[in-house]
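# Descriptive analysis of the structure
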Amino acid sequence: MTLVILAAGMGTRYGGLKQLDAISNKNEAIIDFSIYDAVKCGFKKVVFVVRKDFLETIKALYLPKLHNKIKVVFVCQEVTNIPEEFNNSSRVKPWGTAHALLTAKNAVNENFCVINADDFYGANAFLKMAEFLNKTDSSSCEYAMVGFKIQNTLSENGSVSRGECYLDSGKYLKRVVERTNISLINNRIIYSENNQEKEIQKNSLVSMNFWGFTPTIFREMETLFHQFLKENYRTEKEEFYLPSVVNHLLDTQKATVKVLETSSNWLGVTYKKDKAAVISKITELKKDGVYPESLWN
């Protein structure tokens, strides 16, 4: 199994390179904890998807740490990494999470999971995904997603966006619907839609971009990205998102997605002020013995 980490984001709301920001007294970032959990669950390779401008920085950090622990590969997501016919030199913003994963195509030949670099998912989430990937045929189009209860994914420091998941009776995904401006207000979880406030139930499952795929996903993604570029290659903001790819595959019945519900609590640093709470929780987890004092020594 391979772990693909999407680490090419620009951290606009956070105000910096949050992928590498230390959250422990051992200079460990959120990425470290994800890799540690993945290694414990039997993952043999990690693929970092990064921007070229900090490739050498992340190599210097992680090649020594992970030596003899897991195979490490780096690929670069650049806005120019698209078919020549669509190249739009004025574009600055990355093309989105699905494009980031697509850049890793040549580095991934086995079942894999893909995660965000700046999200802490917890050991149970990796355990559930490893169990699924280990028993899934690499030629199949049966995929998986780890679903988190929305009440465990909010920030105290501002609104967030989440993909609300709709499931069938067999715990398979029917659709992911993006919800924006989600906040906890008077003990109710509220989001905005068409300038109206609507409520989401606290136990509703949301996607935190923790997906499990077989290599078959890349074929479909290439076709969909070509279609996306035909319509959007001159735009500055439109992005090619993983949930959009998944929704298309579900709508066209080309794939199934099993939803794996986790008991883990999500942690993240959407905003700079979130960092203190994450540091506090990580310190607590180490104190309780969930993680060793130093992950890599």
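Bear in mind the structure is a predicted one, so any value in this text is a computation, not a measurement.

Okay, the nonpolar core next. Ranked by internal contacts, the top residues of the largest apolar core, which has 58 residues, are Leu3, Ile5, Ile35, Phe43, Phe48, Met129 and Phe210. Setting aside anything within four residues of it in sequence, one finds Phe210 in contact with Cys113, Val114, Ile115, Tyr121, Ala125, Phe126, Met129, Ala144, Met145 and Val146. Listed in part, the 42 residues of the second largest apolar core include Ala98, Tyr143, Val176 and Ala255.

The pLDDT averaged across the protein works out to 90; a share of 96% of its residues lies at or above 70. No element of the protein has a lower mean pLDDT than strand 13 (residues 267–268), at 86, and none a higher one than strand 1 (residues 2–6), at 97.

All chains considered together, the criterion is met by 20 aromatic pairs. Ring centres 5.4 Å apart and planes at 15° place the aromatic pair Phe112 and Phe218 in the stacked group. Here Phe112, found in strand 4 (residues 112–116), pairs with Phe218, found in helix 5 (residues 217–232); they are 106 residues apart in sequence, far enough to count as distant. Residue class for Phe112 comes out buried when judged on its relative accessible area of 0%. Residue classification places Phe218 among the buried residues on the basis of a relative accessible area of 3%. Taking 6.5 Å as the distance between ring centres and 80° as the angle between the ring planes, the aromatic pair formed by Tyr121 and Phe126 counts as edge-to-face. You'll find Tyr121 and Phe126 in the same group, each marked buried.

Quick notes on the rules
- Every chain's residues receive numbers from 1 upward, in the order its sequence appears when written.
- This being a predicted model, a pLDDT of at least 70 is required before a residue's local features are given, and a value of 80 or more before pairs of side-chain atoms are given or counted; all residues contribute to the totals for chains, interfaces and linings.
- With hydrogens and water excluded, all non-hydrogen atoms of the structure serve as input to the side-chain values.
- Within this scheme, the nonpolar core is defined by two criteria: the residues are buried Ala, Val, Leu, Ile, Met, Phe, Trp, Tyr or Cys, and they are joined through side-chain atoms within 4.5 Å.
- Residue burial is assigned from relative accessible area. The probe radius is 1.4 Å, only protein chains are included, and a residue is buried under 20% of its type maximum, exposed over 50%, and partly exposed in between.
- Any two residues having at least one pair of non-hydrogen atoms within 4.5 Å are treated as being in contact.
- Per-residue confidence from the predictor is reported as pLDDT, which spans 0 to 100.
- Put simply, DSSP H or I for four residues or longer makes a helix, DSSP E for two residues or longer makes a strand, and each gets a number counted from the N terminus.
- Pairs were defined over the aromatic rings of Phe, Tyr and Trp, the Trp ring being its six-membered one, requiring ring centres within 6.5 Å. Orientation was assigned from the angle between planes: stacked under 30 degrees, edge-to-face over 60, tilted for the rest.

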